[in-house]
Amino acid sequence: MSSTTELLKTPLHPWHHDNGGRLVDFAGWSMPVQYTSIIEEHNACRNGAGLFDVSHMGRFFFADPNACEFLNGLTTRRVHPMAAGKIRYSLMTNDSGGVLDDVLVYHLQDTAGVPFCFMVVNASNRQKILAWLKQHGDLEKLGFEDRTTKTAMIAVQGPRALEIMDPLCETAPSSLTYYHGMMTKVCGVESIVSRTGYTGEDGCELTVPADDAIKIWTSVLEKAKAVGGGAVGLAARDTLRLEAAMPLYGHELTETINPAQVNVKFAINLKDREFPGRDAIAAARKDTTLPRRVGLEMDGKRAAREHSLIYLGDQQVGEVTSGTFSPTLQRPIAMGFMNMEHLEIGTEVEIDIRGKRLPARVCQLPFYSRG
Amino acid sequence: MTFGKLSEDSISFRSNYLERIVNQEELLYAPTHEWVHVGEDGIATIGITDFAVEQLTDLVYMELPDVGATVTAGEEFGEVESVKAVSPLYSPISGEVIEVNSGLPDELEVLGTDAFGAGWIAKIKMDGGAPDTLLNHTTYKTQIAAEG
């Protein structure tokens, strides 16, 4: 519908174009928002295996494994020392504790056993994080290379994901434990394989050379289709991550939100560490006036959306940051931020949805966890 | 098509008739993908096109106008919500809502199979004629070919 002429294109773009992908501008990239139906794609991932083109995500390579130590000075979570093969989810914050991005830091070794460091950042934050890294270190010395356009990244997610990937890889991804990665051959091509994802399902993510992306994608897709899976666009990626209550940059994570508000304690190590924003996070943890992330469920069909206001009686007590109709739970779900005194599970509130106040309840996060 | 042989005071009969023989080539279309069938009695039936339904996908909710409400051409009279987003429905004509397809919000899948018939949204007693800005079938087809 909208012109996509000046947008960046992933190596899989021709495939999306030829296979019914509805291409939209997403963070400057022409990306498939959906191929068929969001609900069908969502369910294909929940019940079988979904393939996602996530090549728009920024991929930073550091030949020098000391880069992990450098990054450790900028991340809310300890990423050094970290054994080779490990991957950690972390945030990067500015001096006032605002979230610059949420990232994955990998400490891996190549097939010859030579260690390296790798980082995946959000597409919308790639230039910002690159500038932030340059401001804090000598990237040339660390053997930095932005491999975003030289590679493609494919997420394979769902209860059947590992069973279809194992035979396609030289070393089976199912041999990895969660949040671990390796270099191995995928369809005969040297790639990074990690047991990570953004859907609430088990599965893996592949970083493959750009020239081999379509070949690998079509090989995996054929296997996925045989177990009731298929290609999944960005719209269902959003409903999947929302059900799994994973924060999304620009929504639950922004430069005006302190990580202490987001309930991602696992991604914050303050003790004996120094990084930008550390003291601001420590202070925010004790500040009971700051709103905290909350899960809300509703009855009916009408979903609260980003910016919908949350009320308790006449008092505004919060704001929605993400909301949708949940295909799995068959009800509207939302995440947002609410004043701390009203966070008890079961608290009845109202959400203003385009002028109409509809009842909602505070509920446990995540909305969905795999069985 | 002609409605001359039918009893014009029986709206339900007329709507059944419409469901059976509505001819897309004789409808008028708003650029915002609503269709309108203008009856000889000054009663218009409105809905959204199959193209709109196909583009929206995954419909979960529809807000209908109230019977008795006044609607204005080009202005919002309801909304349709998909898993992804909320889209306003714009009235292609001006007038008073005299009937709505009240069962539709509970069976939105009908829009996927019969957007121009059983998926009708409302009947409007027209205030004046249809606006000149509405498109005929050929022009609308050209528009959606460019969009699709």
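Parameters and conventions
- Residues numbered from 1 in each chain as written.
- Chains lettered and ligands numbered in written order.
- Predicted model: local features only at pLDDT ≥ 70, side-chain atom pairs only at ≥ 80, totals over all residues.
- Helix = DSSP H or I, 4+ residues; strand = E, 2+ residues; numbered from the N terminus.
- Buried ≥ 20, exposed ≤ 12 C-beta atoms within 10 Å, placed from the backbone.
- Contact = placed C-beta atoms within 7 Å.
- Pairing = 2+ DSSP bridges.
- Axes fitted to C-alpha atoms, helices over the stretch in contact; angles between N-to-C directions.
- Nonpolar A, V, L, I, M, F, W, Y, C, P; charged D, E, K, R; others polar.
- Core = buried A, V, L, I, M, F, W, Y, C linked by C-beta atoms within 7 Å.
- Parallel < 35°, antiparallel > 145°, perpendicular 65-115°, else oblique.
- Left-handed = near helix turned anticlockwise from the far one by under 90°.
- Domains from an automatic or database assignment.
- pLDDT = per-residue confidence, 0-100.

Here's the deal with the overall build of chain B
From N to C terminus, chain B includes four helices and nine strands. Going from the N terminus to the C terminus, chain B shows its helices and strands as α-β-β-β-α-β-β-β-β-β-α-β-α. Relative to its full complement of 148 residues, chain B shows a buried share of 34%. In chain B, once contacts between residues fewer than 6 apart in sequence are set aside, the share between residues at least 24 apart is 60%.

Digging into helix 2 (residues 38–47) of chain A
Residues and elements named next belong to chain A. Within helix 2, seven of the ten residues are buried, which leaves it mostly tucked inside the rest of the structure. Taken residue by residue, helix 2 has I38, I39, E41, H42, A44, C45 and R46 as its buried positions. Each element contacted by the buried residues of helix 2 is listed here: strand 2 (29–34), strand 3 (50–53), strand 9 (151–157), strand 13 (230–231) and helix 7 (234–243).

Quick notes on the sheet that holds strand 11 (residues 189–194) of chain A
All names here are of chain A. Ordered by their spatial adjacency, six strands build an open sheet running 10-11-12-9-3-13, and the pairing between neighbours is mixed. Each edge of the sheet is formed by a strand with only one pairing partner; in this case those strands are strand 10 (181–186) and strand 13. In this structure, strand 9 lies alongside strand 12 (residues 203–209), joined through seven bridges in antiparallel fashion. Across the sheet, A152 pairs through a bridge with V208, a residue of strand 12. Where helix 2 meets the sheet, it contacts strand 3, strand 9 and strand 13, and its direction lies at approximately 115° from that of strand 3. Of the strands in this sheet, strand 3, strand 9, strand 10, strand 11, strand 12 and strand 13 are in contact with helix 6 (residues 213–226), which crosses strand 9 at around 10°.

Structural notes on the interface of chain B and chain A
Facing the nine residues of chain B at the interface are 14 residues of chain A. Residue composition of the side of chain B that touches chain A, by class: four nonpolar, one polar and four charged.

What to know about the nonpolar core
Core analysis: the largest hydrophobic core is formed by 136 residues, its most contacted members being A:L51, A:M119, A:I154 and A:V156. With sequence-adjacent residues up to four places away left out, A:L51 is seen in contact with A:I154, A:V156, A:W217, A:V220, A:L221, A:A224, A:A231 and A:V232.

Remarks on the packing of helix 2 of chain A against helix 7 of chain A
Packed helix pairs are characterised by how far apart their axes lie and by the angle those axes make with each other. Residue and element names in this part refer to chain A. In the contact formed by helix 2 and helix 7, the axes pass within 9 Å of each other and the chain directions differ by 55°. Here helix 2 lies oblique to helix 7, going by the angle between them. In this structure, helix 2 crosses over helix 7, and the sense of that crossing is right-handed. Between helix 2 and helix 7, the residues in contact are I38, E41, H42 and C45 and A235, A236, T239 and L240, respectively. Partitioned by chemical class, the residues of the contact of helix 2 with helix 7 number five nonpolar, two polar and one charged.

Overview of the domain arrangement of chain A
Residue and element names in this part refer to chain A. Assigned domains within chain A: domain 1 (13–54 + 148–243), domain 2 (59–141) and domain 3 (291–371). Its C-alpha centre places domain 1 at a distance of 30 Å from the equivalent point of domain 3. Taken together, the contacts link ten residues of domain 1 with twelve residues of domain 3. Looking at the side of domain 1 that touches domain 3, the elements with two or more residues in it are helix 2 and helix 7. Ranked by residue count, the leading element in the side of domain 1 that touches domain 3 is helix 2, at four residues. A per-class count over the side of domain 1 that touches domain 3 returns two nonpolar, four polar and four charged.

Focus: unusual backbone geometry
Residue and element names in this part refer to chain A. Cis geometry is found at the peptide bond from H80 to P81, where omega equals -5°. As for its placement among the helices and strands, P81 is situated in the loop between helix 3 (67–72) and strand 5 (86–93). The linkage connecting L365 with the following residue, P366, adopts the cis geometry, with an omega of -5°. In this fold, P366 is placed in the segment after strand 19 (356–363). Even without a glycine there, the phi angle at Y179 is positive, about 60°. Position of Y179 among the secondary structure elements: in the loop between helix 5 (161–165) and strand 10. Not every positive phi belongs to a glycine, and C187 is a case in point at roughly 50°. As for its placement among the helices and strands, C187 is situated in the loop between strand 10 and strand 11.

A short note on the sheet that holds strand 5 of chain A
Residue and element names in this part refer to chain A. With antiparallel pairing, five strands are arranged side by side in an open sheet as 5-6-7-4-8. Where the open sheet ends on each side, the last strands, each with one partner, are strand 5 and strand 8 (144–146). The mean inter-strand angle of the sheet, taken between neighbouring strand axes irrespective of direction, is 25°.

What about the pairing of strand 7 (residues 86–90) of chain B?
Residues and elements named next belong to chain B. Pairing of strand 6 (residues 76–82) with strand 7, which is carried by five bridges, proceeds in the antiparallel orientation. Paired with E76 across the bridge in strand 7 is Y90. Count of turn residues in the strand 6/strand 7 antiparallel hairpin: three residues.

Section: the environment of A:P332
Secondary-structure assignment places A:P332 in strand 17 (residues 331–338). Sequence separation between A:P332 and A:R302 is 30 residues, and the spatial gap between their C-alpha atoms is 6.5 Å.

Focus: the pairing of strand 9 (residues 122–126) of chain B
Residue and element names in this part refer to chain B. Relative to strand 9, strand 3 (residues 43–48) runs antiparallel, the two being bridged by four bridges. Counted as the bridge partner of A44 is I124 from strand 9. Relative to strand 9, strand 8 (residues 95–100) is paired through five bridges, and the arrangement is antiparallel. Its bridge partner lying in strand 9, G95 is registered against M126.

With respect to the environment of A:E205
Residues and elements named next belong to chain A. Structurally, E205 can be placed in strand 12. Residues E205 and R195, spaced ten residues apart in sequence, show a C-alpha to C-alpha distance of 6.4 Å. Ignoring anything within four residues of it in the chain, the contact list for E205 reads M153, A155, S194, T196 and G197.

Let's talk about the confidence of the model for chain B
Reading fine detail from the predicted coordinates is not recommended where pLDDT is low. Residue and element names in this part refer to chain B. The share of residues in chain B with pLDDT of 70 or more is 85%, and the mean pLDDT across the chain is 87. Model confidence for chain B, summarised as mean pLDDT per element, is weakest for helix 1 (residues 11–21) at 46 and strongest for strand 8 at 98. Between residues 1–17, whose pLDDT stays under 50, and residues either more than four places distant or in other chains, the model counts 15 contacts.

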